[in-house]
Each structure stands twice: as structure tokens, then as C-alpha cells.
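Commentary on secondary and tertiary structure
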Amino acid sequence: MYNSNLIQLLRTFNRKEMTRLKEFAYSPYHNKHEMVRQLIHYLSEEFPNFKSENCERLLLGKGIMGEDYNQEKLDHVFSYALKVAEAFLANEQFKEEDDLQQIYLLQKLRTKSHLKRYEKILKQSEKQLIKKPLRNHEFYHTQLLMATEGDNYYTQMARLGRDQRLQEKEANLDLYYFTVKLMDACEMMVRRNFMSGDYTTQMTEEIAQHISENVQKYDSHPAVIIYYQIYQMLKNESDTYYFELIPLLDAQGQYFPIEEQKYVFQIAQNYCIQQINK
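1. Here we look at the overall build of the chain
Along the backbone of the chain there are 14 helices and zero strands. Whereas a compact globule of 278 residues would reach a radius of gyration of roughly 19 Å, the chain reaches 26 Å, over 25% beyond that. Its C-alpha atoms give the chain principal-axis dimensions of about 75 × 60 × 30 Å. Burial analysis of the chain (278 residues in total) assigns 37% to the buried set. Accessible area for the chain stands at about 16700 Å²; split by element, carbon and sulfur atoms hold 51% of it.

Following this line, the structure appears as C-alpha cells:
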């Protein structure tokens, strides 16, 4: 059991996560198996010192099952405990996704026709989303999901009159799609410099052409315009795009998460180094 998938996973936990996993396993909503609780309790007590001696099969089996121990049953307990641990991780990640939680709540309220509460939460969620400081591809994706949910509500209610959410859905679909396509195309060109293998992408040149013909329309969307500049810089090896990119990063890089800011600045720096070395 020392090298089981469960033990390998728990080795990646910190103390807080291990304690919370034990609490998760003891919740009847998440786990109804007493032997799984006992196993996770024992592993929590031994954490992080998982060794062959304290994770030996017979020791664990008799500690959980007593004289009724058998290997097949212990394997089932470990297998289910692994599922509980993975469900715990998924739950922890979901708790960090505030916007997705709101969208899923809205979906459930709509299917239950609890519409007064639905309308209030929808308006609150839309206002909160607009106030967020970031404007990267994840923002556009969340905007797309929110507009899609609002449009589903409008369709379900079969209301007459104009509603903007279908148009918002379409606009955010474009922004999300354009940004991700340009991001991926840029990453492909970056990887070609240090990794063997070929990459292909469809529609990217058409997207770049569309943006170039509608630059003013996308100037207020940092993710689109910055990755467009990077794409043109890498594709054409053009210093013109490089010198247009730098002030853009200085002015609008703040709308990206820190890691993404580092990533785009690194691309610009590497391009500069490559041009100097030519």
C-alpha cells in the first residue's frame, strides 16, 4: 500500500489539506463509508511520514477491519478513499471559482423556476463581473458563460421584446475565441524555436486580418490587441510590431494576471535577444 495511488496523491498534500480531507471524509454528504473514514483518519495521523512500515498492508487491514481483514476488501477501501480524496481536490478547486459557482447556481435556480431570486442574483453577478480588474481570456470566457445563461433564461421565459444577452453572448464568444486562438498560435511559434515537431492552426490568419481591419474596435480589449501584436511580431519578425507592443504591455499589462504578464514580457524579451543575436 506504500506505493498505492492514494498514498502517492497524499504525498502532494500540505498539512492543512490533509486535515481538511479528513473533515471532508467524515461528512456524510461526501462519504458514507466508515472504513474509508478510518483509513483517512489513520493516514492523517501518520502524515507526512508515509513509510513502508506504517503503510504495510497487513497493519492497515487489521487496523481498519480487525480479524475480518482480507486483501480484496482493503483494495476496495483504498480505491474508494482515492475517489474521496480526488473529490475533495475537485471541491477545493471549485470553491476558488466564484464566478462558476454563481453560474451553476443560476442554472439550478432557473431549472427550479425560482425566478425572483434568479433575476436578483443574475443582476448582482453581472455587476460584480464587470468590476473585476482582469481582462484576459478567462474574463471573456466567464462573460460568455454569464451571457449564455442569461439568454437561456430569456428563451425559457419566452419573453417578447429585445434582450441584449444574445448579442453579448456573441460578442464575448468572439473575444474569447480570438484571444485563445492568437495565444495558442503565439505559443506554437515560441515552441518551434526550441522544440522539434510541427504545429498547425486554422483560421488564425483570418482572425489577425479581421483585427487589423478593425483595430479601433479592439483597442479596448487588452488581451485581443496584445496577442495580435505578439502574433504579428513573431510571424513577420517585424521590429515595428515589437516597438508597438512594448508601450501596449506597459499600459495594459496590468489587466493580465501576474504569471501571464511575465509570460508576455518574456516573449518580447526573447524576441529582442534573437534580433540582437542575428
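Resuming the write-up.
2. Here we look at the packing of aromatic side chains
Scanning the model with the defined rule gives 11 aromatic pairs in all. Here Y227 and F256 contribute two aromatic rings whose centre-to-centre distance is 5.9 Å and whose plane-to-plane angle is 25°, an arrangement assigned as stacked. Note that Y227 is positioned in helix α12 (residues 222–236) and F256 in the loop between α13 (239–252) and α14 (258–277), a separation of 29 residues in sequence. Here Y227 and F256 have matching classes, each one buried. Geometrically, the ring pair formed by Y242 and F243 is edge-to-face, given 5.1 Å between the ring centres and 80° between the ring planes. Overall, the relative accessible area of 14% leaves Y242 in the buried class. Pairwise contacts between aromatic rings join F13, F24 and F88 into one cluster. Geometry around F139 places R135 over its ring, the cationic atom sitting 4.1 Å from the centre.

3. Digging into the pattern of salt bridges
Close approach of charged atoms allows side chains with opposite charge to pair. If you walk through the whole model with that rule in mind, you get 11 salt bridges. As a salt-bridge pair, D198 and R192 come within 3.9 Å of each other at their nearest N and O atoms. Under the relative-accessibility criterion, R192 is labelled partly exposed at 38%. Across the pair E259 and K262 runs a salt bridge whose closest N-O atoms are separated by 3.6 Å. Placement of both E259 and K262 in helix α14 is noted, with a separation of three residues, approximately one turn of the helix. Each member of the pair, E259 as well as K262, carries the same accessibility label: exposed.

4. Comments concerning helix α5 (residues 71–95)
Taking 1.5 Å of rise per residue, the 25 residues of α5 would be expected to cover 36 Å, and the 36 Å separating its terminal C-alpha atoms lies within 8% of that figure. Buried residues of α5: L74, V77, F78, A81, L82, V84, A85 and F88, and no others. Tucked inside the fold, the buried residues of α5 contact α1 (5–10), α2 (15–25), α3 (34–46) and α4 (57–65). Backbone nitrogen of E72 and a side-chain oxygen of the N-cap are separated by 3.3 Å at the start of α5; the cap is N70.

Reading guide: rules and limits
Residues numbered from 1 in each chain as written. Predicted model: local features only at pLDDT ≥ 70, side-chain atom pairs only at ≥ 80, totals over all residues. Heavy atoms only, no water. Helix = DSSP H or I, 4+ residues; strand = E, 2+ residues; numbered from the N terminus. Rg over C-alpha atoms; globule rule 2.2 N^0.38 Å. Buried < 20%, exposed > 50% of the residue type's maximum accessible area, 1.4 Å probe, protein only. Areas by Shrake-Rupley, 256 points an atom, 1.4 Å probe, with all protein chains shown as cover. Phe/Tyr/Trp six-rings, centres within 6.5 Å; stacked < 30°, edge-to-face > 60°. Lys NZ or Arg CZ within 6 Å of the ring centre and 35° of its normal. Salt bridge = Lys/Arg side-chain N within 4 Å of Asp/Glu carboxyl O. Expected span 1.5 Å × (residues − 1). Contact = heavy atoms within 4.5 Å. Polar contact = N/O pair within 3.5 Å; in protein donor to acceptor, adjacent residues only side chain to side chain.

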